[in-house]
Amino acid sequence: MAANTVREKKLVILGVTASIAAHRALDLIRLLKAGNYDVKVVATENALHFFPKETAEVFSGNTLETSAYGLGPRVSHVEWAQGASAVLIAPASADFIAKMALGLADDLLSTICLASSARILFAPAMEERMYTHPATRAHLSTLKSWNVQEIPPETGSLASGRSGIGRMAGVETIYAALQKSIEASSSDSRDLLGKKVLISAGPTFEPIDQVRFIGNRSSGKMGYALAEAAIRRGAAVTVVSGPVSLIPPSGANMICVETAREMQDALSIHFHSADILIMAAAVSDYTTENSFSQKKKKDGQDWHLHLKENPDILATLAKSRRPGQTIMGFAAETSLVKKDLQDKLLRKGVDLLAANNISEAGSGFGSDNNTISLIDHDDSLSEEKSGKKKDLADWLIDKILLHRARSLTQ
Ligand code: CTP
């Protein structure tokens, strides 16, 4: 297969780990160079038992690195990790796959994998028993859940002389997978480039005493999906998150808070410089008047809590908005009545309101899916849509951008 020529030179970090298949990485370097990619080879120490360093340097035109130490005053691994279009690990040993899945960073290559926001692909190469071992299967599925792409091995003769699955995929297959992946990412729209997006997500917890709190069922999934989509589309994203058990969106400036007051303080700091505010958090409307600094013991009496209203963060921020800012609020409703939503849109002073019916089965709090009714002031963008929160996030960002484009022409 002839390597396709790409116009713009993109950097690919080629990671090489210890495997008898490492020598085939030389053919990969040649294919990548012929495809007009810049190639930086980073090998693990043990890979060098199987991989000729000097030859790799001649083929790639760059020095081969194994260690983050001695690279000078600049944090090169972070620079490469962020400047690369892709990190390709071929061959990827069972040991290195485990390292990636555990987030270890004890050498240059594993540090790059952890620091990079580029897509990561890996081509396993190992004995069949290692590839089919439950530990490796678990690591592979963890990596898959993070969108780290496996280029599966083939069945064939292995280093041990046995035959089975575990032979690294052909270099042309690997190259084609890499190119497809890079093309897919560069066709992703970067329509939020240069924009600052501030997103609130998750619930707030209002303390009752040292162990108890008032919370709600928000999982934060919608807010995190919005953050991921905005980052992918080029925005600088700050997430103010209540307590959730989700992996923070890679590349976001994360601010973790507990109470509505803390959320308000954090949002107020970042709102002024934001172009877009998306208020996806489920803010507790009430907080306790006084919370106990220690655990309150049972005393045989009923316990009456006195709750006071929290500030309306969104309405307060919207009052201090500057021209050019776009604000989207969310509404968690048990029934969607258009008139009520229009009232909320006005009351909150937002441009767009995304309402979800939390009593609908299979959508809303905690679910990966949602049904959203979107409304705006002149109804020109109003629409209802169901789907995965991930896809709805892109749809909502499309609507925000449409709103911004229309405001500019008015
Ligand atoms: N919100 C806020 N501050 C609050 C309560 C809500 O900023 N104290 C925000 C939410 O993040 C959401 C929007 O306001 O973006 C609507 O939240 P919702 O709970 O639907 O509305 P409420 O203002 O609480 O009104 P109600 O529950 O009475 O319908």
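Okay, so let's go over this structure. (Residues numbered from 1 in each chain as written. Predicted model: local features only at pLDDT ≥ 70, side-chain atom pairs only at ≥ 80, totals over all residues. Heavy atoms only, no water.)

**Quick notes on the overall build of the protein**
We count it as follows: The helix count covers DSSP runs of H or I at least four residues long, the strand count covers runs of E at least two residues long, and both are numbered beginning at the N terminus. Residue exposure (1.4 Å probe, protein chains only): buried if accessible area is under 20% of the type maximum, exposed if over 50%, otherwise partly exposed. Note on definitions: a residue-residue contact is assigned when non-hydrogen atoms from the two residues lie within 4.5 Å. Per-residue and other accessible areas follow the Shrake-Rupley method at a 1.4 Å probe size, with only the shown protein chains counted as cover for residues. Charge assignment: positive for Lys and Arg, negative for Asp and Glu; neither His nor the chain ends contribute. Here the site of a charge means NZ on Lys, CZ on Arg, CG on Asp, or CD on Glu.
From N to C terminus, the protein includes 13 helices and 19 strands. Across its three principal axes, the protein shows a C-alpha extent of roughly 75 × 65 × 45 Å. Burial statistics for the protein: of 410 residues in total, 48% are counted as buried. In the protein, the proportion of contacts linking residues at least 24 apart, taken out of those at least 6 apart, comes to 67%. Roughly 20,400 Å² of accessible area belongs to the protein as shown, and the carbon and sulfur atoms make up 51% of that amount. Taken together, the 46 basic and 46 acidic charged side chains of the protein have centroids lying 1 Å from each other.

**Let's talk about the packing of helix α4 (residues 94–102) against helix α5 (residues 108–115)**
Note the threshold: All axes are obtained by fitting lines to C-alpha atoms, using only the stretch in contact for helices, and the reported angles, taken between N-to-C directions, cover 0 to 180 degrees. Angles are sorted into four bins: roughly parallel if under 35 degrees, roughly antiparallel if over 145, roughly perpendicular if 65 to 115, and oblique for all others. Should the near helix be turned anticlockwise from the far one by less than a right angle, the crossing is left-handed, and should it be turned clockwise, the crossing is right-handed. As a working rule, the residues Ala, Val, Leu, Ile, Met, Phe, Trp, Tyr, Cys and Pro are called nonpolar, Asp, Glu, Lys and Arg charged, and the rest polar, with Gly in that last group.
Contact geometry of α4 with α5 gives a least axis separation of 10 Å together with a crossing angle of 40 degrees. Our classification of the angle between α4 and α5 gives oblique. In this structure, the crossing between α4 and α5 has a hand that is right-handed. From α4, F96, K99 and M100 reach across to α5, where they touch L109, S110 and C113. In terms of residue class, the contact of α4 with α5 is made up of four nonpolar, one polar and one charged.

**What about the site of the ligand?**
We apply this condition: Throughout, near means a residue has at least one heavy atom within 4 Å of the molecule or strand. In protein, a polar contact means a hydrogen-donor-capable atom and an acceptor-capable atom, both N or O and within 3.5 Å, with residues adjacent in sequence counting only if both atoms are side-chain atoms; elsewhere, any N or O pair within 3.5 Å suffices. Detection works on a 1 Å grid of protein atoms alone, calling trapped sets that fit a 1.4 Å probe cavities and calling open sets with protein on both sides within 12 Å along at least five of seven lines pockets, with lining residues defined by an atom within 4 Å of a point. Cavities and pockets are treated as containing a molecule whenever more than half of the molecule's atoms lie within 2 Å of their grid points.
With respect to spatial proximity, 14 residues lie near the ligand, and among them A281, L314, F330, K344 and K348 are the closest. In the model, an oxygen atom of the ligand is placed 2.9 Å from a nitrogen or oxygen of the F330 main chain. Backbone polar atom of A332 to an oxygen atom of the ligand: 3.2 Å apart, as the coordinates give it. When isolated, the ligand has an accessible area of 570 Å², and the protein chains bury 79% of it. The pocket occupied by the ligand, as judged from atoms lying within 2 Å of grid points, is the second largest pocket.

**Here we look at the layout of surface pockets**
For the record, the criterion: Grid points are joined across faces, edges and corners, and a volume is the space filled by probe spheres set on the points.
If you add up the space inside the second largest pocket, you get close to 900 Å³. Lining the second largest pocket are 37 residues, with A281, A282, V283, D285 and A332 positioned closest to its centre. Mapped by element, the contributors of at least two residues to the lining of the second largest pocket are α9 (221–232), α11 (313–319), β16 (326–333) and α12 (338–348).

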